[in-house]
Amino acid sequence: PPTIGVLALQGDVREHARALEAAGAAVTAVRRPHELERVDGLVIPGGESTTMWRLARTFEMLDPLRKRVEAGMPAYGSCAGMIMLADRIRDGVRDQETVGGLDMTVRRNAFGRQVDSFEADVPLPAMDDPDVPFRAIFIRAPWVEAVGGGVEILGRVDGGEATGRIVAVRQGRLMATAFHPELTGDFRVHRYFADLVRRAMEEE
Ligand code: GLN
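Parameters and conventions
- Residues numbered from 1 in each chain as written.
- Predicted model: local features only at pLDDT ≥ 70, side-chain atom pairs only at ≥ 80, totals over all residues.
- Helix = DSSP H or I, 4+ residues; strand = E, 2+ residues; numbered from the N terminus.
- Rg over C-alpha atoms; globule rule 2.2 N^0.38 Å.
- Buried ≥ 20, exposed ≤ 12 C-beta atoms within 10 Å, placed from the backbone.
- Contact = placed C-beta atoms within 7 Å.
- Expected span 1.5 Å × (residues − 1).
- Near = placed C-beta within 6 Å.
- Nonpolar A, V, L, I, M, F, W, Y, C, P; charged D, E, K, R; others polar.
- UniProt positions renumbered as here; feature names shortened; annotations may be inferred.
- Core = buried A, V, L, I, M, F, W, Y, C linked by C-beta atoms within 7 Å.

### Considering the overall build of the chain
Broken down by element type, the chain carries six helices and twelve strands. Here the chain has a C-alpha radius of gyration of 15 Å; the compact-globule value for 204 residues is 17 Å, and the two agree. For the chain, the spread of C-alpha atoms along the three principal axes comes to 45 × 40 × 30 Å. With 204 residues in all, the chain has 45% of them scored as buried. The long-range share in the chain, meaning contacts at least 24 apart out of those at least 6 apart in sequence, stands at 66%.

### So, helix α6 (residues 188-203)
Compared with an ideal rise of 1.5 Å per residue, which puts 16 residues at 22 Å, α6 spans 23 Å between its outermost C-alpha atoms and is within 8% of the ideal. Taken as a whole, α6 has its buried residues at V189, H190, Y192, F193, A194, L196 and V197.

### A few points about the site of the ligand
Around the ligand lies a shell formed by G46, G47, E48, S49, C79, A80, I83, R108, N109, I139 and R140. A per-class count over the shell around the ligand returns four nonpolar, four polar and three charged.

### Focus on the UniProt feature "binding site: L-glutamine" (unreviewed entry) in the chain
When the UniProt feature table is mapped onto this chain numbering, "binding site: L-glutamine" (unreviewed entry) sits at G47, E48, S49, R108, I139 and R140. For the residues just named, distributed over 94 residues, the greatest C-alpha separation is only 12.7 Å, placing them together at one site. The residue S49 is located in helix α3 (residues 49-58) in this model. When sequence neighbours within four positions are dropped, the list of residues in contact with S49 reads A80, I83, M84 and R108. Not counting chain neighbours up to four residues away, the residues in contact with I139 comprise G46, C79, D116, S117 and H180.

### Details of the UniProt feature "active site" (unreviewed entry) in the chain
Here the UniProt-annotated "active site" (unreviewed entry) positions come out as C79, H180 and E182. Judged by maximum C-alpha separation, these annotated positions cover 104 residues in sequence but sit close together in space, the widest gap being only 11.0 Å. Here H180 lies in the loop between β12 (174-177) and α6. Residue class for H180 comes out buried when judged on the 24 C-beta atoms lying within 10 Å of it. Not counting chain neighbours up to four residues away, the residues in contact with H180 comprise G46, S78, C79, I137 and I139. For E182, the position within the fold is in the loop between β12 and α6. Contact partners of E182, with chain neighbours within four places excluded, come to D12, E15, H16, A19 and S78.

### Overview of unusual backbone geometry
Residue E60 is not a glycine yet carries a positive backbone phi of 50 degrees. Of the residues examined, E60 has 10 C-beta atoms within 10 Å and is grouped as exposed. Even without being glycine, R140 reaches a positive phi, approximately 40 degrees. Of note, R140 is situated in the loop between β8 (134-139) and β9 (143-147).

### Topic: the nonpolar core
Of all hydrophobic cores here, the largest spans 65 residues; its most connected members are I4, L20, L42, L85, V122, V167 and V169. A per-element tally of this core places α6 first, with six residues. Among residues more than four places away in sequence, those in contact with L42 are I4, G5, L7, V30, M73 and A75.

### Notes on the environment of M84
Along the chain, M84 turns up in helix α5 (residues 80-85). The spatial distance from the C-alpha of M84 to the C-alpha of E202 is 27 Å, given a sequence separation of 118 residues. Leaving out residues up to four positions away in the same chain, M84 has contacts with I44, S49, M52, G77, T98 and V99.

Following this line, the structure appears as structure tokens:
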């Protein structure tokens, strides 16, 4: 099976590890550059992107992460992880940096401060059971405000005020969701990513 790392600087690492194991991957925590070298793909979890960015700097992980993403390592970011994979962010803290790779603009805490967390349906037609919308959990989530031409939109909110907002994307071997599939029992997003990692390994 592919070895998928979960960036374990901060955030809900354990939940992603469990979901990835359910998707048939071997999972390992990644905190240091030498641990990053050993993985076939990487998940960047939800949490707080400003803290994650500061810790990535402290642990000297920003450049290694950028280099592996540029070299074609598959990566999936959820929520704060989506922010980390975005080339451009809005409403970041001063000087906030990202790993980047996904040609998109993401707005932090976009759904408004009154609604800290909520659930909404997100149809994901590219994944298993395309007719069954994903019941997505959003926690102080970002949304995708603009995407470049190479970015495929995997999902938009369907229902409520946020209808139409882009919350799942893919560009080549990179993907991101604004929501937290690791907090549900529905592992379609993790299976989709594990398949992406398997295909990337076959191509190498
Ligand atoms: N608001 C957080 C951030 O800016 C993301 C929240 C989350 O990952 N649940 O990083």
